[in-house]
Amino acid sequence: MTVKVRRQRPRRRVFWALVAVLLADLLALSDTLAVMSVDLGSESMKVAIVKPGVPMEIVLNKESRRKTPVIVTLKENERFFGDSAASMAIKNPKATLRYFQHLLGKQADNPHVALYQARFPEHELTFDPQRQTVHFQISPQLQFSPEEVLGMVLNYSRSLAEDFAEQSIKDAVITVPVFFNQAERRAVLQAARMAGLKVLQLINDNTATALSYGVFRRKDINTTAQNIMFYDMGSGSTVCTIVTYQMVKTKEAGMQPQLQIRGVGFDRTLGGLEMELRLREHLAGLFNEQRKGQRAKDVRENPRAMAKLLREANRLKTVLSANADHMAQIEGLMDDVDFKAKVTRVEFEELCADLFERVPGPVQQALQSAEMSLDEIEQVILVGGATRVPKVQEVLLKAVGKEELGKNINADEAAAMGAVYQAAALSKAFKVKPFVVRDAVVYPILVEFTREVEEEPGVHSLKHNKRVLFSRMGPYPQRKVITFNRYSHDFNFHINYGDLGFLGPEDLRVFGSQNLTTVKLKGVGDSFKKYPDYESKGIKAHFNLDESGVLSLDRVESVFETLVEDSPEEESTLTKLGNTISSLFGGGTTPDAKENGTDTVQEEEESPAEGSKDEPGEQVELKEEAEAPVEDGSQPLPPEPKGDAAPEGEKATEKENGDKSEAQKPSEKAEAGPEGIAPAPEGEKKQKPARKQRMVEEIGVELVVLDLPDLPEDKLAQSVQKLQDLTLRDLEKQEREKAANSLEAFIFETQDKLYQPEYQEVSTEEQREEISGKLSAASTWLEDEGVGATTVMLKEKLAELRKLCQGLFFRVEERKKWPERLSALDNLLNHSSMFLKGARLIPEMDQIFTEVEMTTLEKVINETWAWKNATLAEQAKLPATEKPVLLSKDIEAKMMALDREVQYLLNKAKFTKPRPRPKDKNGTRAEPPLNASASDQGEKVILPAGQTEDAEPISEPEKVETGSEPGDTEPLELGGPGAEPEQKEQSTGQKRPLKNDEL
């Protein structure tokens, strides 16, 4: 037994340790259960949250609106966001930043930078000499990068979500345009890092919209593929997406709905903003025409006037979507001159005629990338605010050739809802119904490298090689591995974008650098020197295109293999150790438990991503370069197909099957032996089985970013600190404003109270004059010096005034409480006295309270009556202007003391069992008179002959008769029926000594 106990103790300790860890994790998760999504549009953003009890809800901002403008006003001492910043755009257009997302990941020579300066000339842009990116120069002291401004907006969105959720939130999914390249996506991630957000995923806004559509129509999805086209025209850009919905079988959850992005087309500059700018230019021309003869300045040179015109153009575009014409009017546009002009929808459509011609462009791009025709599209659904323009719908309907356009989706909030659903799915705190999302790569990525080849004996030349890593419209996230077999020394290779021929010349200029990264490997030669007797299996580079669409090089390894023969002793020791470890965790040994851990990783690496079978050409090209050592004669990896000199058209499926079979059947692999090596004789196999030993050496990597250098860590830390300082300053400002408002409110409220009768009754004229004088002085100080006063000074001034008025307020509050408190005390005294009187009337034989208990209660009642009468008399002698002696807290204390005594007796009566009733000598219960009342029956007891009332009550005999008459009831008020105690005694079987009378 001792041995068993000792064996159980470690298990118990492990169990309780696991329980403790689980509880700690649950406690940690309880503070961060909520997740959020931010749909970042060019003009506005929508924020959604999921928290326990609140499934997928759009967050309301401080103005109780569901949509918040993406505008920031940056001044020397304050910041404004959302609607407050939009109102500041008219007063201070230079310090108000909008549409700054168009500058993310852009260098100074990008055409979009020049376009931004042309649209908003009031902003002064400077350039970073190291990264060649742009900065907003607000003032000589204030300078911010677009990433920092976006970080401010994300931090503001988190504050809105936290106020709505009433808890802190750090996990978020952020939407980005599908056409964002690697540099732009990294810029968004840096902005989120500055804001202190943990980004679960950067999801494409078109994918988020498609996910929202599918989640709310899950029941309509079946095994038949449904092709839906989403046409999203927002403020800054237009995206057309073809999505296929279908039920698919998954390994984890069986049949589940899936959305797959099949085709994407976009126009970076086609949107509602460009229409508004055309209208603004038209209105500016009309205003100049009206003042042509007055030698006035051009309205375009006045930033405030142009900001007013842009706001009016936005309103005009919205109104003309529902009306044939509208009157544009601005009061005091410039030089106190009002502007008024009539604009028709026909004029608006003529201004934007070339824009409407570009509407079908994204549709054609999406169909080409999906390799589909319009006949295969079941429905076209409109998304985005600019699709409400009638001409856009007319041109689009003609381009797609459908009967009507679908409008059965919330055009403004669909992306935010889809993103927050994805956030809940990625969070560990929620369990949602699975919905498989297969996003698509828009820009292909390839690997380029140069190697020396021998075309003829003695003639060497350099050969440039390209291998597609992630093909266009291929699914992601996924991992891929490429192997370099012909290098035994340090070398470089390049990661670049693939064929971008689907982009026009202007789009290519906006796209930026097509070269991503140069990878410099260090330590390749040293790895070969470290394992001279091993056979090289190449240099393996592991790439990852994650959920956010951001490419990373995880690691580079130099892999070697050799054949080793294990001695029986070593094999036995390893087997025993493996069996011991497996038994501790409830598992058994497996044949491949002895293999190097690299094999498990290899399985993961060599299966690039789900859907890779759809791109066999890419896989062949990648695998061919990765695993095709033709001339050098090196041994390939076990999962690779036999024969080193495989042709380029070799099937990738054979390679995949080899992976599976050799990974799942290590015993068969051992029997077959390594590729290219003859199997050993039968006798040698049994005695000394050979196995492959793999050694992996980490290779040093130096990355040279070519498209847009990331912000250095020190610069990033400075930006994080800058934003934190601004947030702290805003909080201090809010605290100061709160203190100033509290002081001002206290002054006005108290001045008003001094004239109210209830306050005049308890104060003298001198007291009121003193308080009034101090209040007036504080009001004057607040007006003159309050602007420069600190938060501490304002709080001290408020505390001083409250201390001055404390006595006055105390007297008024006490008088307000007296009637209610005294009435409650009187009721309690009356009920307590009645209870005490009733307790004393209980017959002695039925008495459950002791004399001490009733005396104690009587004493407390008398003392409370005496205290009340004395205190009321003393209070009547005092003037109302003095501090009262009758205090509400004293009344409450007396009530608590009295109630405590009564409750004690009530609880005792509640849990005390009633005593049994006595019987006469004949063994029958005495009946009460027919005319006796219930109270008489309960109090009168018939005693046996020869016994007085003072004598001790006679107990019932052990055996009682059950034939009692209906009128016999127990007289105790707090007990049950008289028959119950007798039955309980019989059931328990307890015997008591019999008295002489009972004998």
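Residues numbered from 1 in each chain as written. Predicted model: local features only at pLDDT ≥ 70, side-chain atom pairs only at ≥ 80, totals over all residues. Heavy atoms only, no water.

Labelled according to an unreviewed UniProt entry, the chain appears under the name Hypoxia up-regulated protein 1, originating from Theropithecus gelada. Per UniProt, the comment on the chain under Function (unreviewed entry) is "Has a pivotal role in cytoprotective cellular mechanisms triggered by oxygen deprivation. Promotes HSPA5/BiP-mediated ATP nucleotide exchange and thereby activates the unfolded protein response (UPR) pathway in the presence of endoplasmic reticulum stress. May play a role as a molecular chaperone and participate in protein folding." Under the heading Subunit (unreviewed entry), UniProt records this for the chain: "Part of a large chaperone multiprotein complex comprising DNAJB11, HSP90B1, HSPA5, HYOU, PDIA2, PDIA4, PDIA6, PPIB, SDF2L1, UGGT1 and very small amounts of ERP29, but not, or at very low levels, CALR nor CANX." (UniProt positions renumbered as here; feature names shortened; annotations may be inferred.)

**Q** Explain the sheet that holds strand 21 (residues 459-470) residue by residue, including any values.
**A** Spatial strand order, 21-20-24-25-29: 5 strands in an open sheet with antiparallel pairing. The open sheet is flanked by strand 21 and strand 29 (700-705), the only strands paired with a single partner. Here the strands of the sheet are splayed against their neighbours by 25° on average, with no regard to which way each runs. In terms of strand pairing, strand 20 (residues 445-456) meets strand 21 through 11 bridges, oriented antiparallel. From the neighbouring strand, Glu 448 faces strand 21, where its bridge partner is Lys 466. (Pairing = 2+ DSSP bridges. Helix = DSSP H or I, 4+ residues; strand = E, 2+ residues; numbered from the N terminus. Axes fitted to C-alpha atoms, helices over the stretch in contact; angles between N-to-C directions.)

**Q** Describe unusual backbone geometry, naming the residues involved and giving the relevant values.
**A** The phi angle of most residues is negative, glycine excepted, and most peptide bonds adopt the trans form. Put simply, Tyr 476 and Pro 477 share a cis peptide bond, and its omega is 10°. Mapped onto the elements, Pro 477 comes out in the loop between strand 22 (475-476) and strand 23 (478-484). Residues other than glycine seldom take positive phi values, yet Met 56 does so here, at roughly 55°. Looking at the element boundaries, Met 56 is found in strand 3 (residues 54-58).

**Q** Which residues make up the nonpolar core, and what values go with them?
**A** Counting residues in hydrophobic clusters, the biggest one holds 129 residues, and the most contacted among them are Leu 154, Phe 230, Tyr 245, Phe 484, Phe 493 and Phe 543. Here Phe 493 is in contact with Val 447, Glu 448, Phe 449, Phe 484, Thr 517, Thr 518, Val 519, Leu 521, Ala 541, Phe 543 and Leu 553, once residues within four sequence places are set aside. (Core = buried A, V, L, I, M, F, W, Y, C linked by side-chain atoms within 4.5 Å. Buried < 20%, exposed > 50% of the residue type's maximum accessible area, 1.4 Å probe, protein only. Contact = heavy atoms within 4.5 Å.)

**Q** Give a detailed account of the sheet that holds strand 23, specifying residues and quantitative values.
**A** Taken in spatial order, the 4 strands of this open sheet run 23-26-27-28, and their pairing is antiparallel. The open sheet terminates on both sides in strands that have one partner only, identified here as strand 23 and strand 28 (690-698). Taken over all neighbouring pairs, the strand axes of this sheet differ in orientation by 30° on average, direction set aside. Examined bridge by bridge, strand 27 (residues 551-565) and strand 28 share 9 bridges and lie antiparallel to one another. Paired with Thr 562 across the strands is Gln 693, a residue of strand 28.

**Q** Describe the packing of aromatic side chains, listing the residues and the values that go with them.
**A** The full count for this structure, using the stated rule, is 28 aromatic pairs. Between Tyr 213 and Tyr 245, the aromatic rings sit 5.8 Å apart at their centres with planes inclined by 45°, giving tilted as the arrangement. Taken together, the residues span a long stretch of sequence, with Tyr 213 in helix 6 (residues 205-215) and Tyr 245 in strand 14 (residues 238-250) at a distance of 32 residues. With a relative accessible area of 2%, Tyr 245 lands in the buried category. Centre to centre, the rings of Phe 348 and Phe 356 are 6.5 Å apart; their planes meet at 80°, and the pair counts as edge-to-face. (Phe/Tyr/Trp six-rings, centres within 6.5 Å; stacked < 30°, edge-to-face > 60°.)

**Q** Run through the environment of Arg 815, naming residues and quoting values.
**A** The residue Arg 815 is located in helix 25 (residues 791-840) in this model. We classify Arg 815 as partly exposed; its relative accessible area is 27%. C-alpha separation for the pair Arg 815 and Ala 880, spaced 65 residues apart in sequence, amounts to 9.5 Å.

**Q** An account of the packing of helix 22 (residues 713-753) against helix 24 (residues 765-784) is needed here, citing residue identities and associated values.
**A** Two elements in contact, helix 22 and helix 24, have axes separated by 10 Å at closest approach and are oriented at 145°. As for how helix 22 packs across helix 24, the hand of that crossing is left-handed. Contacts from Ala 740, Leu 743, Glu 744, Phe 746, Ile 747, Thr 750 and Gln 751 of helix 22 reach helix 24 at Ile 771, Leu 775, Ser 776, Ala 778, Ser 779, Trp 781 and Leu 782. A per-class count over the contact of helix 22 with helix 24 returns 9 nonpolar, 4 polar and 1 charged. (Left-handed = near helix turned anticlockwise from the far one by under 90°. Nonpolar A, V, L, I, M, F, W, Y, C, P; charged D, E, K, R; others polar.)

**Q** Quick rundown of the environment of Glu 43? Include the residues and the values.
**A** For Glu 43, the location among the structural elements is in the loop between strand 1 (35-40) and strand 2 (44-51). Overall, Glu 43 belongs to the partly exposed group, its relative accessible area being 32%. Considered as a pair, Glu 43 and Gly 236 are 193 residues apart in the sequence and their alpha carbons are 7.6 Å apart. Discounting chain neighbours no more than four positions away, the residues touching Glu 43 are Pro 69, Val 70, Tyr 99, Ser 235, Glu 276 and Asn 314.

**Q** If you had to explain the pattern of salt bridges to someone new, which residues and values would you point to?
**A** Within the structure shown, the criterion is met by 41 salt bridges. Among the salt bridges present, the one from Lys 733 reaches Glu 78, with a minimum N-O distance of 2.4 Å. You can see Lys 733 sitting in helix 22 and its partner Glu 78 sitting in the loop between strand 5 (71-74) and strand 6 (79-81), a full 655 residues away along the chain. For Lys 733, a relative accessible area of 25% translates into the label partly exposed. Close ionic contact of Lys 908 with Glu 853 constitutes a salt bridge, the shortest N to O distance being 3.0 Å. With Lys 908 in helix 27 (residues 888-911) and Glu 853 in helix 26 (residues 851-877), this residue pair connects regions lying 55 residues apart in the sequence. By relative accessible area, Lys 908 is classed as partly exposed at 23%. The class for Glu 853 is buried, based on a relative accessible area of 14%. Salt bridges here are not isolated pairs; linked through shared partners, they connect Lys 75, Glu 78, Lys 733 and Glu 737. (Salt bridge = Lys/Arg side-chain N within 4 Å of Asp/Glu carboxyl O.)

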